[in-house]
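# Structural overview for review
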Amino acid sequence: MQNQIFELQYALDTFYFLICGALVMWMAAGFAMLEAGLVRSKNTTEILAKNVGLFAIACTMYMICGYSFMYGGDFFLNGIAGNESLVPDALAASAENGFGGDSVYSTASDFFFQVVFVATCMSIVSGAVAERMKLWAFFAFAVVMTGFIYPMEGGWTWGGNDVFGLFNLGDLGFSDFAGSGIVHMAGAAAALAGVLLLGARKGKYGKNGEVRAIPGANLPLATLGTFILWMGWFGFNGGSVLKLGDIASANSVAMVFLNTNAAAAGGAIGALVLARLIFGRADLTMLLNGALAGLVAITAEPLTPTPLLATIFGMMAGIIVVASILAMDKIKIDDPVGAISVHGVVGFFGLMLVPLTNPSATFLGQLAGAGVIFFWVFICSLIVWSILKAVFGIRISEEEEYEGADLSECGQEAYPEFVK
Amino acid sequence: MKLITAILKPFKLDDVREALSEIGVKGVTVTEVKGFGRQKGHTELYRGAEYVVDFLPKVKVEVAVTDEMVDPAIEAITRIASTGKIGDGKIFVTPLEQVIRIRTGETGPDAI
């Protein structure tokens, strides 16, 4: 009878992992729609190709070697399906823990849940470099980022490994529940390195420092993308509880869903109010970025805050992201979708919020983790982008940029019947 | 024969078309265009950057008419399309050298 209950727990936890993984996979659609809506129509096909391609590359590279670097185990996920001894071993392990201990679930489901996080991290880069990067240079970078750069810092954090064998971030008090730093700030660091080497879109900044608007082509798509990301985030944070099959875990999952949603709502409100105060009008794109900022901020710790605190954290993130987007343009860092602000600046903010509600995390630990993640990813990315730039070039030509990346990189338009 | 080209505010299109039909003008060609005269554009805002939209959407209506129909047509268009505000548009009259109906091969005023 005990074994049957245990088997049910195992099945439930595995199922939960898989459903959450599927929800996070759905965030890929969110990113694709958000970015497609915020670029010009002549660059739409290319950014969609980038989003689908990077997802496929992330899944493949993580399968080949990334998962192994991060969590151990063989390359190519050798042996992941398990063998006959798996069931008795699992039964014994859970019985020891009185059925309320560590999560026990299929290793394949663990990979599935982890791999969609890698894809999320990589897709953050695609928005920041939109409208002027060579498609294949991006794919080449994605291979290295998802196969090596991300898995290494993931190993030092969630994997529990010592950083270069020297010190352990967990011991220092670093805590990042679902990846404000590990996934979001890391993606933004890679994006920042790329954008610095890439340069701004032609015509974005004037001679005297004026910032010129380059409006997105399809705000309904951008909005749809934001809502898709919002929903997918329930899997992103919710799944990071790692277990569902007992009362305490179920309560945790519920709290995480609740706080995640509250932070998104707070972020939207914070950005809306600040945009109204600064511009006198409600900028939809800022509202969308605000909701996402709230989600990024709560990702480092969605369990311990009260619902009110989660909402307030979200509001702060919404305010920060609007200020950051304007500041980025002031220092001429051209980020068409605000990815570096939403995921980088707010990702760091999210990390620093954790000790406020989680006593097992320390500010020093958070800073140490943030530093390790940022500098590792930024410097490695800078190296890879530089090599790509020197050998192949990473930017499309000025004429190609004028005609649109769709024609130069993909040879097909997204809206061929539209008369210009 | 003359070609009358009228640049109008888009919402006036249906009424002008009806008015021309009433005075006996049978055919019309319509194009969507952009332009400005004395009517200035408006400013829009995108992520903190303001920009001016100079070109306003307009509609271009072209009708081929016989010489006797020129004044009635101009009067009809002017009466219907005028709102009294800046941006009502303009009418251009140009001479038409030849007109041919493709289906039957008729030429000149018979083809209008």
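Residues numbered from 1 in each chain as written. Chains lettered and ligands numbered in written order. Predicted model: local features only at pLDDT ≥ 70, side-chain atom pairs only at ≥ 80, totals over all residues.

## Structural notes on the overall build of chain B
What counts, and what does not: Strands here mean DSSP runs of E at least two residues long; helices mean DSSP runs of H or I at least four residues long; both are numbered from the N terminus. We compute the radius of gyration from the C-alpha atoms alone; for a globule the expected value is 2.2 Å times N to the 0.38, where N is the number of residues. In this scheme every C-beta is placed from the backbone, and a residue whose C-beta has 20 or more other C-beta atoms within 10 Å is buried, one with 12 or fewer is exposed, and one in between is partly exposed. By the convention adopted here, residues are in contact when the distance between their C-beta atoms, placed from the backbone, does not exceed 7 Å.
The number of helices and strands found in chain B is two helices and six strands. Relative to a compact globule of 112 residues, whose C-alpha radius of gyration would be 13 Å, chain B shows 17 Å and is clearly more extended. Expressed along its principal axes, the backbone C-alpha trace of chain B runs to roughly 60 × 30 × 20 Å. Buried positions account for 17% of the 112 residues belonging to chain B. Within chain B, contacts between residues at least 6 apart in sequence are counted, and of these 69% link residues at least 24 apart.

## Side note on the overall build of chain A
What chain A contains, in helices and strands, is 15 helices and zero strands. Since a compact globule built from 420 residues should have a radius of gyration of about 22 Å, the 21 Å found for chain A is in line with a globular shape. For chain A, the spread of C-alpha atoms along the principal axes amounts to about 70 × 45 × 45 Å. The long-range share in chain A, meaning contacts at least 24 apart out of those at least 6 apart in sequence, stands at 81%.

## Thoughts on the sheet that holds strand 2 (residues 29-35) of chain B
Residues and elements named next belong to chain B. Put simply, the rule reads: Between any two strands, at least two bridges found by DSSP are needed for them to pair. Where helices are involved, their axes are fitted lines through C-alpha atoms of the stretch in contact, as for all axes, and angles between N-to-C directions lie from 0 to 180°.
The four strands are arranged 2-5-1-6 in an open sheet whose pairing can be described as antiparallel. Unpaired on one side and paired on the other, strand 2 and strand 6 (89-95) mark the two borders of the sheet. Neighbour to neighbour, the strand axes of the sheet diverge by 20° on average, direction disregarded. Running over the sheet, helix 1 (residues 13-22) touches strand 1 (2-8), strand 2 and strand 5 (56-65) and is turned about 10° from strand 5. Strands in contact with helix 2 (residues 70-81) are strand 1, strand 5 and strand 6; relative to strand 1, the strand with the most contacts, it is inclined by about 5°.

## Brief notes about helix 12 (residues 339-357) of chain A
Under the convention used in this document: Here the expected span of a helix is defined as 1.5 Å times the quantity of residues minus one.
Here helix 12 of chain A contains 19 residues, and its C-alpha end-to-end distance of 27 Å stays within 8% of the 27 Å for a straight helix at 1.5 Å per residue. Buried residues dominate helix 12 of chain A, accounting for 15 of its 19 residues.

## Thoughts on the interface of chain A and chain B
Selection rule: Following the grouping adopted for this structure description, the nonpolar residues are Ala, Val, Leu, Ile, Met, Phe, Trp, Tyr, Cys and Pro, the charged ones are Asp, Glu, Lys and Arg, and the polar ones are all others, Gly among them.
Between chain A and chain B, the contact holds twelve residues from the first and six residues from the second. Those elements that place two or more of their residues in the side of chain A that touches chain B are helix 10 (284-298) and helix 11 (307-330) of chain A. With three residues, the top contributor of residues to the side of chain A that touches chain B is helix 11 of chain A. The class makeup of the residues in the side of chain A that touches chain B is seven nonpolar, one polar and four charged.

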